[in-house]
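Chain by chain, the residues run as shown.
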Amino acid sequence: MDNNYYKIMALDFGDVRIGVALSDMTRTIASGYENYTRCNDEDKDISHIMDIAKSNNVKLIVMGIPYNMDGTESNQTLKTKAFAEKLSAISGIEIKFQDERLTSKLAERMLINADVSRMKRKNVLDKLSATIILQDYLNQI
């Protein structure tokens, strides 16, 4: 396969779920992939993400980084960085961070405006947040 055609994956990392989005092969358009519900085994979570990356020719992972509104790091910021470090070490895939402040709020607002029920919103919110994170990143490169 031509090395110029690969995908970028985005992760919206959370304690309960990880939203996953993938770019197209030209790295222009972000699409939601899945809402992955985490198990109590971080190695299994990483293995699942690596399986997606491998089967989709992913060469870069962009993780949303949840800074506080004043730009300081939160406890979740530290958890995200620790997970990213472990994921990168095991997978060998480069990880970049994308500021995700207000991403979840924007995703929630979009779903409410689309008249998506509260129960259905819960099932797609993280995937949509990952899609927004990835599209923001793609728009900058």
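Look a little higher up for the structure.
Below or above, wherever it landed, is the structure these notes cover. (Residues numbered from 1 in each chain as written. Predicted model: local features only at pLDDT ≥ 70, side-chain atom pairs only at ≥ 80, totals over all residues. Heavy atoms only, no water.)

1. With respect to the pairing of strand E5 (residues 94-99)
Across six bridges, strand E4 (residues 58-65) lies against E5 in parallel orientation. Looking across to E5, one finds that methionine 63 is bridged to phenylalanine 97. Handedness of the crossover joining E4 and E5 through helix H2 (residues 75-91): right-handed. (Pairing = 2+ DSSP bridges. Helix = DSSP H or I, 4+ residues; strand = E, 2+ residues; numbered from the N terminus. Right-handed = clockwise from strand over helix to strand, strands pointing away.)

2. Quick word on the sheet that holds strand E3 (residues 30-37)
Pairing in this open sheet of five strands is mixed, and the strands run E3-E2-E1-E4-E5 from one edge to the other. Bordering the open sheet on either side are E3 and E5, each of which pairs with just one other strand. Looking at each pair of strands side by side, their axes are set apart by 25 degrees on average, direction ignored. Where H2 meets the sheet, its contacts fall on strand E1 (7-13), strand E2 (17-23), E4 and E5, and the angle it forms with E4 comes to roughly 170 degrees. (Axes fitted to C-alpha atoms, helices over the stretch in contact; angles between N-to-C directions. Contact = heavy atoms within 4.5 Å.)

3. Let's talk about the pattern of salt bridges
If charged atoms from side chains of opposite charge come close, those side chains can pair. Summed over all chains, the structure comprises seven salt bridges. Arginine 38 serves as the salt-bridge partner of glutamate 42, at 3.9 Å between the closest nitrogen and oxygen. We classify arginine 38 as buried; its relative accessible area is 17%. One salt bridge connects lysine 86 with aspartate 43, and the closest N-O pair in it is separated by 3.0 Å. You can see lysine 86 sitting in helix H2 and its partner aspartate 43 sitting in helix H1 (residues 42-55), a full 43 residues away along the chain. Of the residues examined, lysine 86 reaches a relative accessible area of 30% and is grouped as partly exposed. Beyond isolated ion pairs, a larger network of salt bridges with shared partners links Arg38, Glu42, Asp43, Asp45 and Lys86. (Salt bridge = Lys/Arg side-chain N within 4 Å of Asp/Glu carboxyl O. Buried < 20%, exposed > 50% of the residue type's maximum accessible area, 1.4 Å probe, protein only.)

4. A look at the nonpolar core
Ranked by internal contacts, the top residues of the largest apolar core, which has 19 residues, are Met9, Leu11, Ile18, Ile61, Met63, Phe83 and Leu87. Elements represented by at least two residues in this core include exactly E1, E2, H1, E4 and H2. The leading source of residues in this core is H1, at four residues. Apart from the residues within four sequence positions on either side, methionine 9 is in contact with Val20, Ala21, Leu22, Ile49, Ile52, Ala53, Val58, Leu60, Ile61 and Val62. With eleven residues, the next largest nonpolar core counts Ile8, Ala21, Ala130 and Ile133 among its residues. (Core = buried A, V, L, I, M, F, W, Y, C linked by side-chain atoms within 4.5 Å.)

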